[in-house]
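Below are the chains, spelled out letter by letter.
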Amino acid sequence: MPRSFTSNIRYAKRDELNTLQAIQPELNRAEAVCAVLIPIKKSAQWWEMAQDERRAIFEEESHHTATGLEYLPGVARRLLHCWDLGEPSDFLTWSEFAPEYTQVFDELLLRMRASKEWQYVWA
Ligand code: HEM
């Protein structure tokens with residue numbers, strides 16, 4: 001298991017944080033017995049970009065947060081960072097949801113994989 005840590009917010013703006021904080025559920029809900037751990041690695045090209053260029057791809061072009069918000073409060077999540085530690089994965093993403101939400105979660109993954117951001121994610 002790669003080492004990882006929770007970190008500060010990198011991309012979210014104040015209004016996005018307010019919206020997230022208002023509707024995102026806590027981890028460990030009794031009904032959320034399905035959990036998915038997805039390691040993510042992004043390309044050298046991603047990491048070479050400036051912060052504002054990454055933000056533009058992440059949100060303005062790929063709508064990561066706006067899309068993800070559609071799946072709240074069904075999905076509870078945690079983002080862990082590993083890039084700074086030189087681990088094989090750059091991020092570990094953890095999601096929890098109720099079994100009846102499985103197909104909906106798959107739909108979210110398909111939408112994310114089709115986004116411009118995912119062109120920088122290693123398969
Ligand atoms: C369930 C709905 C989701 C919401 C509301 C959501 C929201 C967010 C937000 C707001 C950030 C930016 C955090 C920051 O500002 O530092 C973020 C980052 C990230 N999310 Fe999601 N997300 C969701 C689902 C997912 C899923 C399913 C995955 C993986 C397949 C994922 C992978 C990531 C990754 C890898 C990052 C870090 C991107 C980077 O720093 O380059 N997210 N997410």
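Parameters and conventions
- Residues numbered from 1 in each chain as written.
- Predicted model: local features only at pLDDT ≥ 70, side-chain atom pairs only at ≥ 80, totals over all residues.
- Heavy atoms only, no water.
- Buried < 20%, exposed > 50% of the residue type's maximum accessible area, 1.4 Å probe, protein only.
- Helix = DSSP H or I, 4+ residues; strand = E, 2+ residues; numbered from the N terminus.
- Pairing = 2+ DSSP bridges.
- Donors = N, O, S within 2.8 Å, 3.2 Å for Na, K, Ca; no water.
- Phe/Tyr/Trp six-rings, centres within 6.5 Å; stacked < 30°, edge-to-face > 60°.
- Lys NZ or Arg CZ within 6 Å of the ring centre and 35° of its normal.

S.K.: Explain the pairing of strand β3 (residues 91-97) to me, please; I cannot follow it from the model alone.
M.R.: The two faces of the sheet receive side chains in turn, since in a regular strand these alternate between them. Within β3, five of the seven residues are buried, which leaves the element mostly enclosed by the surrounding structure. In the sheet, strand β1 (residues 34-40) pairs with β3 via seven bridges, with the strands oriented antiparallel. Within β3, the residue paired with alanine 35 across the bridge is glutamate 96. Here six bridges tie strand β2 (residues 76-81) to β3, and the two strands are oriented antiparallel to one another. Residue pairing across strands places arginine 77 opposite serine 95, the latter belonging to β3.

S.K.: Quick question: what am I supposed to make of the coordination of the iron atom of the ligand here?
M.R.: Six octahedral donors around a metal ideally subtend angles of 90 or 180 degrees, whereas four tetrahedral donors ideally subtend 109.5 degrees. When only protein atoms are considered, the iron atom of the ligand has one donor, His64 (NE2), at a distance of 2.1 Å. If you trace the backbone, histidine 64 turns up in helix α4 (residues 64-69).

S.K.: Can you help me understand the packing of aromatic side chains in this one?
M.R.: To describe a pair of aromatic rings, you give the distance between the ring centres and the angle between the ring planes. One pass over the full model with this rule turns up five aromatic pairs. Taking the centre distance of 4.4 Å and the plane angle of 20 degrees together, the rings of tryptophan 47 and tryptophan 83 count as stacked. One end of the pair, tryptophan 47, is in helix α2 (residues 44-48); the other, tryptophan 83, is in the loop between β2 and β3, with 36 residues separating them in the sequence. Through successive ring pairs, a cluster of aromatic residues spans Trp47, Trp83 and Phe91. Over the aromatic face of tryptophan 122 sits the side chain of lysine 41, whose NZ or CZ is 5.5 Å from the ring centroid. A cation over a ring is seen here: lysine 42 above tryptophan 46, with NZ or CZ 3.7 Å from the ring centre.

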